[in-house]
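# Close look at the chain arrangement
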Amino acid sequence: MAEIKTEDGKKEKHYLYLDGETISGKVSIKLKKAGTRLEHHGIKVEFVGQIELYYDRGNHHEFTSLVRELARPGELTSNVSYDFEFNQVEKPYESYTGTNVRLRYFLRLTVVKRLSDLVKEQDIVVHTLSHYPDMNSSIKMEVGIEDSLHIEFEYNKSKYHLQDVIVGKIYFILVRIKIRHMELQIIKRETTGIGPNTFNENETIAKFEIMDGAPVRGESIPIRLFLNGYELTPTMRDINKKFSVRYYLNLVLVDEEDRRYFKQQEITVFRKADKVRKSVRNASAKFGSQDVAAHVQSPSSDHTDASSPRYEHNYIAD
């Protein structure tokens with residue numbers, strides 16, 4: 001299972017999948033009353049990946065859509081079960097919930113009826129894994145005001161995994177202004193839209209105080225910032241030409257007259273791929289609506305590899 005943020009900022013847990021893993025399970029449809037009949041025009045299950053832009057809620061942009069027909073048009077007179085499988089499904093992007101956009105994957109079961117369909121959706125979470133060499137390029141930058149300030153700073157690398165540590169050093173070469181405060185920030189920039197309809201949303205994820213007081217010429221200050229305490233996602237660039245999520249290290253200096261000086265550098269954040277994921281065992285989730293009640297669970301079989309959990313859906317229909 002994995003946690004993901006909802007639109008209202010709460011957290012939910014859903015089954016976790018990786019790119020290329022098979023999604024399989026069972027759908028059980030139960031009639032509410034014995035002896036009743038349910039006429040339908042087909043039963044199907046879909047696997048959908050879509051992007052929702054909050055300022056354009058009427059349009060959902062689907063980048064993945066697979067369908068499995070479970071039953072032809074007919075009539076249900078008793079409880080039935082259907083197995084389904086989406087084999088080695090491509091899931092190119094990571095699940096994401098942001099300020100102006102959401103990328104989600106879900107299973108949708110539809111019992112097609114003459115007047116109104118019975119529909120139920122169940123979200124899943126997808127993580128994308130990456131691998132970068134241990135020796136990636138360091139970042140060296142300067143902050144300067146002519147004849148007043150010259151600072152050099154260096155970070156050990158430019159690509160960091162989600163559990164990584166940012167290690168660096170600040171060097172004060174020339175200090176002729178009275179610096180009162182210095183901090184390092186991690187800025188998350190979410191960009192949606194294109195051209196004149198581009199929206200940028202900046203969020204300060206972390207603030208790390210480097211010093212409080214005036215530095216002197218020749219002084220150096222070490223930096224060590226642990227990332228695992230913050231809610232970061234992998235860097236996402238031009239996802240389906242709809243949105244991007246980028247991260248920046250922002251060095252902020254404040255002098256005694258409250259003037260602020262900035263220096264910003266983009267970094268790459270990624271989810272490390274060197275661990276084998278354990279499969280889900282005995283996990284379950286329940287959900288329901290006025291028309292349909294459901295129970296979702298994975299079987300209690302033992303797995304020794306990274307195989308995906310198997311869904312079991314129980315639906316009660318009128």
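Overview of the structure.

Cut-offs used in this document
- Residue indices follow the written sequence of each chain, beginning from 1 at its first position.
- Local features in this predicted model are restricted to residues whose pLDDT is 70 or higher, and side-chain atom pairs enter the listing and the counts only when it is 80 or higher, whereas totals over whole chains, interfaces and linings include all residues.
- Note that the side-chain values use all heavy atoms of the structure and ignore hydrogens as well as water.
- Strands here mean DSSP runs of E at least two residues long; helices mean DSSP runs of H or I at least four residues long; both are numbered from the N terminus.
- Buried residues are those whose accessible area, probed at 1.4 Å on protein chains only, stays under 20% of the maximum for their type, while exposed residues exceed 50% and partly exposed ones sit between those limits.
- Contact criterion: two residues are considered in contact whenever any of their non-hydrogen atoms come within 4.5 Å of each other.
- The Shrake-Rupley method, run with a 1.4 Å probe sphere, supplies the accessible areas, and residue values consider only the shown protein chains as cover.
- Any carboxyl oxygen of Asp or Glu within 4 Å of a side-chain nitrogen of Lys or Arg constitutes a salt bridge here.
- Two strands are counted as paired when DSSP detects at least two bridges linking them.
- Only the stretch in contact is used when a helix axis is fitted, and all axes are lines through C-alpha atoms; the angle between N-to-C directions ranges over 0 to 180 degrees.
- In this scheme Phe, Tyr and Trp rings, the latter by its six-membered ring, pair at centre separations within 6.5 Å, and the angle between planes marks the pair as stacked below 30 degrees, edge-to-face above 60, and tilted otherwise.
- Lysine and arginine charges are scored as sitting over a ring when NZ or CZ, respectively, is within 6 Å of the ring centre and within 35 degrees of the ring normal.

### Observations regarding the overall build of the chain
When helices and strands are tallied, the chain shows zero helices and 25 strands. Evaluated residue by residue, the chain yields a buried proportion of 47% over its 318 residues. Contacts in the chain between residues far apart in sequence, at least 24 positions, make up 65% of those at least 6 positions apart. Accessible surface, the chain as shown: approximately 17100 Å² in total, 43% of it carbon and sulfur.

### Re the pattern of salt bridges
Applying the stated criterion across every chain, the model contains 17 salt bridges. With a closest N to O distance of 3.4 Å, glutamate 266 and arginine 246 form a salt bridge. Of this pair, glutamate 266 sits in strand β22 (residues 260-270) while arginine 246 sits in strand β21 (residues 243-255), and the two are 20 residues apart along the sequence. Relative accessible area serves as the criterion here: at 26%, glutamate 266 is assigned to the partly exposed category. Taken together, the salt bridges that share partners define one network made up of Glu7, Glu46, Glu52, Arg102, Arg104, Arg108, Glu121 and Asp123.

### As for the environment of methionine 141
Relative to the helices and strands, methionine 141 is located in strand β13 (residues 139-145). Once residues within four sequence positions are removed from consideration, methionine 141 is found in contact with Ile151, Glu152, Phe153, Lys263, Gln264 and Gln265.

### Examining the sheet that holds strand β16 (residues 165-175)
If you walk across this open sheet you meet the four strands as β13-β14-β16-β19, and the pairing is antiparallel. The strands lining the two open edges of the sheet, one partner per strand, are β13 and β19 (220-226). Neighbouring strand axes in the sheet, compared pairwise and without regard to direction, differ in orientation by 20 degrees on average. By the bridge criterion, seven bridges tie β16 to β19 in an arrangement that is antiparallel. By the bridge assignment for β19, valine 165 is matched with phenylalanine 226.

### A word on unusual backbone geometry
Most peptide bonds are trans, and most residues other than glycine sit at a negative phi. Even without glycine at this site, glutamine 88 takes up a positive phi of about 45 degrees. Relative to the assigned elements, glutamine 88 resides in the loop between β9 (80-86) and β10 (96-97). For glutamine 88, a relative accessible area of 58% puts it in the exposed group. You will see that aspartate 258, though not glycine, has its phi angle at about 65 degrees, which is positive. In this structure, aspartate 258 sits in the loop between β21 and β22.

### Quick look at the side chain of asparagine 250
Mapped onto the secondary structure, asparagine 250 falls in strand β21. With a relative accessible area of 5%, asparagine 250 lands in the buried category. Once you skip the residues sitting within four places of it in the chain, asparagine 250 turns out to touch Glu183, Leu184, Gln185, Ile187, Phe262, Lys263 and Gln264.

### With respect to the packing of aromatic side chains
The relative placement of two aromatic rings is captured by the distance of their centres and the angle of their planes. Overall, the coordinates contain eight aromatic pairs when judged by the stated rule. Ring centres 5.9 Å apart and planes at 15 degrees place the aromatic pair phenylalanine 47 and tyrosine 105 in the stacked group. Here phenylalanine 47 is found in strand β6 (residues 43-53), whereas its partner tyrosine 105 is found in strand β11 (residues 101-111), with 58 residues between them in sequence. Taking relative accessible area as the criterion, phenylalanine 47 reaches 0% and is therefore assigned buried. Aromatic side chains phenylalanine 63 and tyrosine 93 sit 5.0 Å apart centroid to centroid with 75 degrees between the ring planes, which places their arrangement in the edge-to-face category. One end of the pair, phenylalanine 63, is in strand β7 (residues 60-71); the other, tyrosine 93, is in the loop between β9 and β10, with 30 residues separating them in the sequence. For the residue pair phenylalanine 63 and tyrosine 93, the accessibility class agrees, reading buried in each case. Among the aromatic residues, ring-to-ring pairing joins Phe47, Phe63, Phe84, Phe86, Tyr93 and Tyr105 into one connected group. Positioned above the aromatic ring of tyrosine 248, the side-chain terminus of arginine 189 is 4.5 Å from the ring centre.

That's the geometry; what it means functionally is another story.
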